[in-house]
Amino acid sequence: MKKLKLIYNPFSGNKSFKFDLDVCIGIFQEGGYEVHPFRSMAEGDISKHISKMDDDYDVIVASGGDGTINIVLNALMSRNLNIPLGIIPSGTANDFATYLGFKNGQVEESCRAIISTSPVPIDLGIVNDKTYFINVCAGGLLTNVSQTVDKDVKNALGSLSYYLKGVEQIPSFHKIPFRITTSKEVIEEYLYLYMIMNSAGTGGFTKLSPQASIQDGMFEFLAIRAKPLIELPPVFLKMLTGDHINDTKNILYLRDNYFKIECLQDDFKIMESTVDGEMGPKMPFELKVIPKAIKVFVSPKRM
């Protein structure tokens, strides 16, 4: 019998995944898998568990938000475990799962996709040759939005809560000098924030990078230029629909497989980046694409 490791974060989102455990296990057993569940109970226990886990699993399934997926990803990559990854979204925004075609609350659909489809190889990002990410690396102002939005508000309003928190912070914006180095050019410009995207969305915004592909060996770089604050609310609205991509006055858009990000303001207080919504390395840092580094299950609707 094939073996499946199910790792879940019971504290993600509205904490309802525990009510779906029996459904998940039943579907996986129908698919011929022996299911070994692991319930996260404390910070760091998922990484520790995977570090000691048997390496003969046929599938590893993670249920949680983007942060949980990132933890599982980094633990797998640190052991060079070539195990296909299935995702059951149960967080708040679930950006990468949304891109794959899976929706929060549709647990049965996610599980059936895992047992009935073949996983596809996708690109990953790596920062400073150490920290992996599957969806986005971001920095600048608003870096801490996902950490500062009240959890109850996130559960109630979803992606709108990120928009509202972003607008709330606009009055404190100030221009920040950055140097962006790609494999082709070096750009120095004042920006407010930047995002290096693997998929199309983050922070609940699903159309930030409409041209993104997780299989093309490239990342999309999006940054908001430091323009008068009065111009920013319309830019945020455009980002909800994808209309911002052609707004070259306010948006810097690049496409490459290598980026070096430097902040030229020594006393900038938010030097940390975020990777998949979790705190990442401080600037300056280098980021590379690892083409088709891991296999994931994708909803049949996306194929």
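The rules behind these values
- Residues numbered from 1 in each chain as written.
- Predicted model: local features only at pLDDT ≥ 70, side-chain atom pairs only at ≥ 80, totals over all residues.
- Heavy atoms only, no water.
- Helix = DSSP H or I, 4+ residues; strand = E, 2+ residues; numbered from the N terminus.
- Buried < 20%, exposed > 50% of the residue type's maximum accessible area, 1.4 Å probe, protein only.
- Salt bridge = Lys/Arg side-chain N within 4 Å of Asp/Glu carboxyl O.
- pLDDT = per-residue confidence, 0-100.
- Contact = heavy atoms within 4.5 Å.
- Core = buried A, V, L, I, M, F, W, Y, C linked by side-chain atoms within 4.5 Å.

### Looking at unusual backbone geometry
Working step 1: Here the amide bond leading from Met 283 into Pro 284 is cis, since omega sits at 0 degrees, within 30 degrees of zero.
Working step 2: Assignment of secondary structure puts Pro 284 in the loop between strand S14 (278-282) and strand S15 (285-296).
Working step 3: Its identity is not glycine, yet Asn 80 carries a phi of approximately 55 degrees, on the positive side.
Working step 4: You can call Asn 80 exposed: its relative accessible area is 70%.
Working step 5: The backbone of Lys 292 sits at a positive phi, close to 45 degrees, despite the residue not being glycine.

### Things to note about the pattern of salt bridges
Working step 1: Per the stated rule, a full pass over the model turns up 14 salt bridges.
Working step 2: Taking the shortest distance from any N to any O, the salt bridge between Glu 188 and Arg 179 comes out at 2.8 Å.
Working step 3: According to the relative accessible area criterion, Arg 179 is partly exposed, its value standing at 24%.
Working step 4: Through salt bridges with shared partners, a single network forms among Lys 3, Asp 54 and Asp 56.

### Let's talk about the confidence of the model for the protein
Working step 1: With 89% of its residues at a pLDDT of 70 or more, the protein shows a mean pLDDT of 87.
Working step 2: For the stretch residues 152-161, pLDDT sits under 50, and the model shows 14 contacts to residues farther than four places along the chain or on other chains.

### Brief notes about the environment of Phe 28
Working step 1: Examined against the element boundaries, Phe 28 turns out to sit in helix H1 (residues 21-30).
Working step 2: Not counting residues within four places of it along the chain, the set of residues in contact with Phe 28 comprises Leu 4, Tyr 33, Val 35, Val 61, Ile 88, Cys 111, Ile 114 and Ile 115.

### Concerning the side chain of Ser 110
Working step 1: Here Ser 110 shows up in helix H5 (residues 107-116).
Working step 2: Excluding residues within four positions of it along the chain, Ser 110 makes contact with Ile 87, Ile 88, Pro 89 and Phe 102.

### Observations regarding the nonpolar core
The tendency in soluble globular proteins is for nonpolar side chains to be buried side by side.
Working step 1: Judged by nonpolar contacts, the single largest core of 43 residues is most densely connected at Phe 221 and Ile 261.
Working step 2: Looking at this core, the elements with two or more residues in it are strand S7 (136-140), strand S8 (176-182), strand S9 (186-197), strand S10 (219-225), helix H9 (232-241), strand S11 (251-256), strand S12 (258-263) and S15.
Working step 3: Not counting the four nearest positions on each side in its chain, Ile 261 is found in contact with Phe 178, Arg 179, Ile 180, Tyr 194, Ile 196, Phe 221, Met 283, Pro 284 and Phe 285.
Working step 4: Counting 34 residues, the second largest nonpolar core, distinct from the first, contains Met 53, Ile 69, Leu 73 and Ile 87.

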